[in-house]
Amino acid sequence: MAATSERVTSNGHGTEEWRDYVQVGPGTLPGRYLRRFWHPLYLSDDLAPGRTKPIRILGEDFTLYRGESGAAHVVAFRCAHRGTQLSTGWVEGDEIRCFYHGWKYDGAGQCTEQPAEPEPFCQRIKIRSYPTQEYLGLIWAYLGEGEPPPFRRFPQLEAESDSAIRVTRGGWILPYSYANVFENDPAHVPFVHRGGDFFEDIPLVSSQETEYGTKETVTFKSRVGYVHRILPYGRMFVVPVMEVAKGGWVEMLIMDVPVDDDRHVEYAIALNHLTLEAVEPFRERVRQGALNWYGAPPSIEAAAKVLRGEARIEDFGPRQDLVAVQDITSQGGQGPIRDRINERLGRSDAGLIELRRVWERELRNLAEGRPLKEWTIPERIELTANYHG
Amino acid sequence: MAITQERPPAAALSRDELDYARTGPDTLAGRYMRMFWQPVHIADQLPAGRAKPIRIMSEDFTLFRGESGAARVVAFRCAHRGTQLSTGWVEGDNLRCFYHGWMYDGNGQCVEQPAEPEPFCNRIKIRAYPTQEYLGLVWAYLGEGKAPPLRRIPQVEQETETDIRVLRGGRIAPYNYANIMENDPAHVPFVHRETQFFTDLPRVSAEEMEYGSKETVTFSNRVGYVHRIMPAGRLFVTPIQERGWTENFIFQVPVDDESHLGFGIQFNHLKSADAVPAFRARIEAQIANALRGNLAEIAERVLRGEVGLEEFKDHPNLVNLQDLVSQLGQGIIRDINAERLGRADSGVVMLRKLWERELRALAEGRATTPWPIPERIELTPDYHG
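Everything quoted here is computed from the prediction, not taken from an experiment. (Residues numbered from 1 in each chain as written. Chains lettered and ligands numbered in written order. Predicted model: local features only at pLDDT ≥ 70, side-chain atom pairs only at ≥ 80, totals over all residues. Heavy atoms only, no water.)

1. Here we look at the overall build of chain A
Right, so step 1: The secondary structure content of chain A amounts to eight helices and 18 strands.
Right, so step 2: Rg of the C-alpha trace for chain A: 23 Å, near the compact-globule value of 21 Å for 389 residues, within the 12% margin.
Right, so step 3: When each of the 389 residues of chain A is scored for burial, the buried share is 55%.
Right, so step 4: Within chain A, contacts between residues separated by at least 24 positions form 57% of all contacts whose residues are at least 6 apart in sequence.
Right, so step 5: Summed over all atoms, the accessible surface of chain A reaches about 16700 Å², with 51% contributed by carbon and sulfur.
Right, so step 6: Distance between charge centroids for chain A: 3 Å, based on 46 positive and 56 negative side chains. (Helix = DSSP H or I, 4+ residues; strand = E, 2+ residues; numbered from the N terminus. Rg over C-alpha atoms; globule rule 2.2 N^0.38 Å. Buried < 20%, exposed > 50% of the residue type's maximum accessible area, 1.4 Å probe, protein only. Contact = heavy atoms within 4.5 Å. Areas by Shrake-Rupley, 256 points an atom, 1.4 Å probe, with all protein chains shown as cover. Lys, Arg positive; Asp, Glu negative; His and termini not counted. Charge placed at Lys NZ, Arg CZ, Asp CG, Glu CD.)

Next comes the structure, spelled out in structure tokens:
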């Protein structure tokens, strides 16, 4: 009897490909799906006018630069001439000049100068460029084919006030798949963060699909809270204010963007609802730039020591980034890509089961050429102020 | 046509398959090594209530010591969502996962799932491995089926005032265990020149023994032995500078194909009780030094040509450093296809012959040798002296 061979869809995707969403490279099914969205690439404040940066995202390399006028641009990683890395070049006006032989490109990728050529042929040279915009402290780009979809705004995070202060932080690369962190669930809190500022009772969870992704309802004896998952990799939930003063709460939008299959970069937009007396000390901390510690290299190194067995978390004593060390330990401890084949899920895993169901359906539709769901962000995603409190 | 599962005829086994250097779970040598108890940790370095990740023969495990004092080896990852169990907590004699608190007993049976409204612990079991402690080491049986009895080493069990057991090692060396298993007495006048060891060149011969092989080392005025205890132990004598001699039982354990652990059980026989304080002080300093410095890093610098060994003449662990340079200098896995053995390599040739015979027997489903350790393995106190 002939062995069953894997079925291949009309556009070349094997039936096994939609079962998981961890592969992010350009040829992969999840990689194609992810490229239909705008992605945050960098912290706006960290890119001064006239600066360039090499960016790796979804297993591909790009060049990010900010022109002297202030506009951010994303173009191809390499010069069309002889392939050196464009980020090593110079910004001139709103254009970027290659480090190697001085070819110059505008923000649309059009070559505008070839100084060493006796008969320039710039008009025939164009590198790829990508639609780019800035929003809520982040530089976003559309890296897919064709026209970009409408940019999705988060109205509820735009609403700053005297006591609601927005902070955008992140940009640290973590050494494991975005799936490990996207599937992190509320039932980990009493264990991973035991003895911390969060809750210690164990909730019941349930999950349902929404217009933006999924909503995990977290029910305690005395209260209820939510973890929202915004396709393709955003999460929204509440944590207590951990800086300066207790008593406030934070609306968090966390985005874990794949760098490669086994690494990701995290960005968080936090709207901090503060008690009045905490506002000034908090603003001072923001001015000092002291809030961007979650997921920073010292936390990654500490977690790596724990995973190598060289230290226990409790050996570290009190440290500002303890929560991050704990999370990186549990999520990094699943391995660079969490192993779906050898896990045993229960009812407390309802959130990730729903999330995977949604992903699988969308990937399968993409593979088979059927329409995809358009995930939209409403004016307000429901949060309760006391979930993690 | 029906296809039957056939074992490959041994003649079809390649030279590399019959080499014992590669010990991953699917290799022939890996399967063979897993038929023996392996030392995995120094007992004193695992306090009660502590869990550690360990890697042995290219597989990861979780080692923990329960609060009652019993050491256990279980699977590396939680059955739930695969986080590393060593990051969790020991509670009584159980281990609780760091991520969502699933708890396992020392047999790997899940006994709690605190976040589950309807727990299904009784259906969850992770692998657990027979574990015991002996001579200051934690030993585990990582193979299939029922564990054989742990082989005891009677001749080092009985300490006295002047017969002192010291445990050494437990650090990872960045090369294959075969490089060190094949270290031979003829290296001494060269690698360790100008140390306390001999400088005359011996003649060697080797024979099979009930426990492995015995390499006889003959000088013009004396004779000594290097015993190899299958699968990865060695026994030989070194002199003690405070006067006396040491029986060295050294066990190598592959971490993976590119690195190994070494554990040394040294049984030190001092000629006089007066020498004991000086001896203990020197050993303690050596152990402290071994924990502090990284000898492998120095050896790597020597091999990259950045420094010469002569700059470390006064290093307290010079002998170990010299051995590291020669053994790591063979490459991370010594290359059996690019060597030229001579008569001085009889010990190596014998060791490989035994291994090859055993691996062929295993491949063909024939009985392998149990390699029992006798009451006493013969040594001469003056071999290295």
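2. Details of the sheet that holds strand E14 (residues 213-219) of chain A
Residues and elements named next belong to chain A.
Right, so step 1: Pairing in this open sheet of seven strands is antiparallel, and the strands run E12-E18-E17-E16-E15-E14-E13 from one edge to the other. Each edge of the open sheet is held by one strand with a lone partner, namely strand E12 (164-174) and strand E13 (204-209). Strand-to-strand, the axes of this sheet are offset by a mean angle of 20 degrees, without reference to chain direction.
Right, so step 2: Sheet analysis places E14 next to strand E15 (residues 224-230), joined by seven bridges and oriented antiparallel. Bridged to Val 218 within E15 is Gly 225. (Pairing = 2+ DSSP bridges. Axes fitted to C-alpha atoms, helices over the stretch in contact; angles between N-to-C directions.)

3. Thoughts on the pairing of strand E10 (residues 131-134) of chain B
Within a regular strand, the side chains alternate between the two sheet faces.
All names here are of chain B.
Right, so step 1: Bridge analysis of E10 against strand E11 (residues 137-141) gives four bridges, and the strand direction is antiparallel. The residue of E11 that forms the bridge with Glu 133 is Val 138.
Right, so step 2: Linkage of E10 to E11, two consecutive antiparallel strands, is achieved through a turn of two residues, within which Leu 135 is found at a positive phi near 55 degrees.

4. Section: the sheet that holds strand E3 (residues 59-65) of chain B
Strand pairing within a sheet occurs via backbone hydrogen bonds; the two strands may be parallel or antiparallel.
Residues and elements named next belong to chain B.
Right, so step 1: Reading across the sheet, the four strands line up as E2-E3-E4-E9 and stay open at both edges, with antiparallel pairing between neighbours. Each end of this open sheet is capped by a strand with a single partner; those strands are strand E2 (51-56) and strand E9 (128-129).
Right, so step 2: Bridge count between strand E4 (residues 71-75) and E9: two bridges; the pairing is antiparallel. Paired with Val 74 across the bridge in E9 is Ala 128.

5. So, the interface of chain A and chain B
Right, so step 1: Chain A puts 35 residues into the contact, and the matching count from chain B is 30 residues.
Right, so step 2: Across the chain A to chain B interface the summed buried area is about 2700 Å²; carbon plus sulfur atoms make up 50%.
Right, so step 3: Considering only the surface of chain A that becomes buried against chain B, Phe 191, Arg 312 and Arg 344 of chain A emerge as the three largest contributors, covering 28% of it.
Right, so step 4: In this structure, Arg 81 of chain B engages Asp 349 of chain A in a salt bridge whose closest nitrogen and oxygen atoms are separated by 3.4 Å.
Right, so step 5: For the interface between chain A and chain B, the tally reads 21 residue pairs in polar contact (both at pLDDT 80 or more).
Right, so step 6: Secondary structure elements with two or more residues in the side of chain A that touches chain B: helix H4 (189-192), helix H6 (297-307) and helix H7 (322-332) of chain A.
Right, so step 7: The dominant element in the side of chain A that touches chain B, judged by the number of residues it contributes, is H7 of chain A, at four residues. (Buried area = accessible area lost by both parts, 1.4 Å probe. Salt bridge = Lys/Arg side-chain N within 4 Å of Asp/Glu carboxyl O. Polar contact = N/O pair within 3.5 Å; in protein donor to acceptor, adjacent residues only side chain to side chain.)

6. Brief notes about the nonpolar core
Right, so step 1: Membership of the largest hydrophobic core comes to 62 residues, with the highest contact counts inside it found for Ile 56, Ile 153 and Trp 355 of chain B.
Right, so step 2: When neighbours within four sequence positions are excluded, Trp 355 of chain B is seen to be in contact with Tyr 20, Ala 29, Tyr 32, Met 33, Tyr 177, Met 230 and Pro 231 of chain B. (Core = buried A, V, L, I, M, F, W, Y, C linked by side-chain atoms within 4.5 Å.)

7. Some thoughts on empty space enclosed by the protein
Right, so step 1: Within the structure shown, the criterion is met by two cavities of 30 Å³ or more.
Right, so step 2: Size it by volume and the largest cavity reaches roughly 600 Å³.
Right, so step 3: At the level of elements, E12, E15, strand E16 (234-240), strand E17 (249-260), strand E18 (263-273) and H7 of chain A are the ones that each hand at least two residues to the lining of the largest cavity.
Right, so step 4: It is E18 of chain A that contributes the most residues to the lining of the largest cavity, five residues altogether.
Right, so step 5: Put simply, the second largest cavity is a space of about 30 Å³.
Right, so step 6: Together, Val 306, Gly 309, Ala 311 and Arg 312 of chain A together with Ala 51, Ser 86 and Thr 87 of chain B line the second largest cavity. (1 Å grid on protein atoms, 1.4 Å probe; cavity = no way out; pocket = protein on both sides within 12 Å on 5 of 7 lines; lining within 4 Å. Points joined across faces, edges and corners; volume = space filled by probe spheres on them.)

8. Quick look at the side chain of Glu 251 of chain A
Residue and element names in this part refer to chain A.
Right, so step 1: With respect to the secondary-structure elements, Glu 251 resides in strand E17.
Right, so step 2: Polar side-chain contacts of Glu 251 include one of 3.0 Å to the side chain of Gln 156.
Right, so step 3: Looking at Glu 251, its side chain comes within polar contact range of the side chain of Arg 380, at 3.3 Å.
Right, so step 4: In this structure, Glu 251 is in contact with Gln 156, Leu 157, Met 236, Phe 237, Ile 269, Ala 270, Leu 271, His 273, Arg 380 and Leu 383, ignoring residues within four places of it in sequence.

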